[in-house]
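# Observations on chain architecture
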Amino acid sequence: MGTTSMHARFGVIAITFFALVGCGETSVSERGSASSLAPTAASSVQSDTQATAVREAGTPIVPADSLDDIARWGSSMLVVSITGEEARLSSSAAPGEVELGRDLAARVEQVLWQHPQAVTTVSAGDPLTIYTFPGFVEVDGQRSPAVPEGAVRMDVDQQYVVAMADDLVDGKQVLTLLNAFLLETDSMLMNNSKSVLLTEAAADLRQLSADGVDSGPRDGESLVQRRPWTA
């Protein structure tokens, strides 16, 4: 088992968007401490200047729709600002069609919650690079935004709530982004469209993770290894 003294610190945090079976993107994380829970005003406005292509979502390694899921599998819940984006990597989806990944430059605005056993922790002000796939789709050379079905597409100059989990990818300890939620000033919009105050969500996660501390993240252990159905 790892301890706090074993945690490595790096300059930039890179996060994989959604933990999907077969996804090989890796990330590097940064060691920090939790910030206060004072809400930051934010917007949930989505880009409507161009139609967004909705693509079939991959199979998640673990569920991450509810607070119970996040307390069970996650390490942190954060408010982040998206400050930039860049297309990278591509995958042929169909004749004349290409899907591209998307690197998002982000900044941590608030640390709402961190698991008591979190291997990798972050602080307000930390930079993040969040990889999402697909982020764009090109059909006959025409590029448009893309998002997995049921997911939130994070837009530049907006703020979101993100749930992250400790993971092990290619032998490296990383943070994997489990889910992203729309931010509504002092509350978050869950996937079932229920609005939850950030302070209430943080309190619930602290209680849930304290009750299930034995099932929390462990240094050197991947999400796949933590799954109850893993042999």
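See the structure shown above.
Residues numbered from 1 in each chain as written. Predicted model: local features only at pLDDT ≥ 70, side-chain atom pairs only at ≥ 80, totals over all residues. Heavy atoms only, no water.

A separate point is the overall build of the protein. Counting its regular elements, the protein contains 3 helices and 10 strands. In the protein, the succession of α and β elements from N to C terminus is β-β-α-β-β-β-β-β-β-β-β-α-α. Taken over 231 residues, the protein has a buried fraction of 48%. Roughly 10,500 Å² of accessible area belongs to the protein as shown, and the carbon and sulfur atoms make up 50% of that amount. (Helix = DSSP H or I, 4+ residues; strand = E, 2+ residues; numbered from the N terminus. Buried < 20%, exposed > 50% of the residue type's maximum accessible area, 1.4 Å probe, protein only. Areas by Shrake-Rupley, 256 points an atom, 1.4 Å probe, with all protein chains shown as cover.)

Note on placement: Ile130 falls in strand S5 (residues 127-139). When the C-alpha positions of Ile130 and Leu177 are compared, they lie 7.9 Å apart, and in sequence the two are 47 residues distant.

Another point: the nonpolar core. Among the nonpolar cores identified, the biggest contains 24 residues, and Met77, Val161, Leu178, Phe181 and Met188 are the most heavily contacted of them. Broken down by secondary-structure element, the contributors of at least two residues to this core are helix H1 (67-73), strand S3 (76-94), strand S4 (97-114), strand S7 (159-169), strand S8 (172-184) and helix H2 (198-211). Sort the elements by how many residues they give to this core and H1 lands first, with 4 residues. Setting aside chain neighbours within four positions, we find Phe181 in contact with Ala64, Asp65, Ile70, Met77, Val152, Tyr160, Val161, Ala163, Met188, Leu189, Met190 and Asn191. (Core = buried A, V, L, I, M, F, W, Y, C linked by side-chain atoms within 4.5 Å. Contact = heavy atoms within 4.5 Å.)

Here the focus is the pairing of S8. The buried fraction of S8 amounts to 11 of the 13 residues, a majority that puts the element mostly inside the structure. For S7 and S8, the ladder comprises 10 bridges, and the chain directions are antiparallel. Counterpart to Ala165 in the pairing with S8 is Thr176. Where S7 hands over to S8, the hairpin turn is made up of 2 residues, of which Asp170 adopts a positive phi near 55°. Bridge analysis of S8 against strand S9 (residues 187-189) gives 3 bridges, and the strand direction is antiparallel. Residue pairing in the sheet places Leu183 in a bridge with Met188 of S9. (Pairing = 2+ DSSP bridges.)

Looking now at the environment of Val174. Inspection of the secondary structure puts Val174 in strand S8. Relative accessible area serves as the criterion here: at 0%, Val174 is assigned to the buried category. For the pair Val174 and Val119, spaced 55 residues apart in the sequence, the C-alpha separation amounts to 9.1 Å.

Okay, unusual backbone geometry next. Cis geometry is found at the peptide bond from Phe133 to Pro134, where omega equals -10°. Structurally, Pro134 is set in strand S5. At Asp157, a position not held by glycine, the phi torsion is positive, near 70°. Of note, Asp157 is situated in the loop between strand S6 (142-148) and S7. Backbone geometry at Thr185 places phi at a positive 60°, although glycine is not the residue there. With respect to the helices and strands, Thr185 occurs in the loop between S8 and S9.

Under the definition given, this model contains 6 salt bridges. Close ionic contact of Arg153 with Asp155 constitutes a salt bridge, the shortest N to O distance being 3.6 Å. Each member of the pair, Arg153 as well as Asp155, is classed as buried. Between Glu221 and Arg218 there is a salt bridge, with its nearest N and O atoms 3.1 Å apart. A relative accessible area of 24% means that Arg218 is categorised as partly exposed. (Salt bridge = Lys/Arg side-chain N within 4 Å of Asp/Glu carboxyl O.)

Geometry only, nothing functional implied.
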